[in-house]
Amino acid sequence: IAYFQPRSSQAEAFRQLRTAIQFYDLEHPLRTVLVTSTGPDEGKSATGANLAITMAQAGHKVALVDCDLRHPSLHNLFGVENSSGLASLFLEGSSLEGVLRESGVPNLQILPGGPVPPNPSELLGSQRMEEILGSLRATAEYVLLDTPPVVPVTDAAVLAPRVDGVLLVLKAGKTKREMAQRAKTLLETVNARLLGVVLNNAKLDAG
């Protein structure tokens with residue numbers, strides 16, 4: 001929606017989120033941000049995609065990475081090839097340049113998930129993933145990571161301590177309070193830096 005309806009109130013909300021992240025810590029800017037949720041269908045991938053687009057529209061070079069190696073979806077959102085991607089950097093020895101895709105949005109590149117591996121959490125927690133993050137930091141001003149939900153699987157919790165901050169996406173009218181609290185506890189347990197919560201699907205007239 002940030003791309004196709006840039007004048008909408010929803011697009012403006014994503015621009016406000018972008019500004020909040022950019023000014024969160026002026027002495028130590030947030031360059032790598034992980035986006036997760038408590039469970040499926042809460043809008044984390046769409047949130048990460050729209051945030052990435054607004055950052056790119058502001059002139060920043062952005063890499064959006066599909067770290068949901070169980071159910072990758074960013075390639076569908078942007079219409080890019082998924083035959084190779086993040087998983088290929090572990091399993092096939094591919095180069096980062098060979099798997100980054102142009103998104104169609106200036107300044108924004110997509111790293112799709114690629115073929116589904118048998119052991120996602122082990123890959124994301126490996127030293128190789130640390131090297132990949134280092135390479136991404138060298139190619140982009142902002143690196144946004146779309147991960148699986150933090151409560152059902154460990155993937156997000158494994159990655160969270162390696163990034164500058166975490167955004168937790170909750171869906172109004174769907175996310176249970178106890179699940180949100182559980183997600184917060186899981187992130188705190190691994191010493192993740194929880195930046196805040198994005199309340200998705202909130203009605204504008206609901207106060």
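Residues numbered from 1 in each chain as written. Predicted model: local features only at pLDDT ≥ 70, side-chain atom pairs only at ≥ 80, totals over all residues. Heavy atoms only, no water.

Engineer: Explain the packing of aromatic side chains to me, and be specific about the residues and the numbers.
Structural biologist: One pass over the full model with this rule turns up one aromatic pair. Taking the centre distance of 5.0 Å and the plane angle of 85° together, the rings of Tyr3 and Phe4 count as edge-to-face. (Phe/Tyr/Trp six-rings, centres within 6.5 Å; stacked < 30°, edge-to-face > 60°.)

Engineer: Which residues make up the pairing of strand β5 (residues 142–146), and what values do they have?
Structural biologist: Here β5 lies mainly inside the structure; five of its five residues are buried. The pairing of strand β1 (residues 32–37) with β5 spans four bridges and is classified as parallel. When the sheet's bridge partners are listed, Val35 is paired in β5 with Asp146. Across five bridges, strand β2 (residues 62–66) lies against β5 in parallel orientation. Each bridged residue has a counterpart across the sheet, and for Val62 the counterpart in β5 is Tyr142. (Buried < 20%, exposed > 50% of the residue type's maximum accessible area, 1.4 Å probe, protein only. Helix = DSSP H or I, 4+ residues; strand = E, 2+ residues; numbered from the N terminus. Pairing = 2+ DSSP bridges.)

Engineer: Which residues make up helix α1 (residues 9–22), and what values do they have?
Structural biologist: With 14 residues, α1 extends 20 Å from end C-alpha to end C-alpha; this agrees with the ideal 20 Å at 1.5 Å per step. Restricting attention to buried positions, one finds in α1 the residues Ala11, Phe14, Arg15, Leu17, Arg18, Ile21 and Gln22. For α1, the arc enclosing every buried residue in end-on projection is 155°, short of the 170-degree limit, so these residues lie on one face. Where α1 is buried, its residues contact β1, α2 (44–57), β5, β6 (165–171) and β7 (194–200). (Expected span 1.5 Å × (residues − 1). Arc of directions from axis to C-beta. Contact = heavy atoms within 4.5 Å.)

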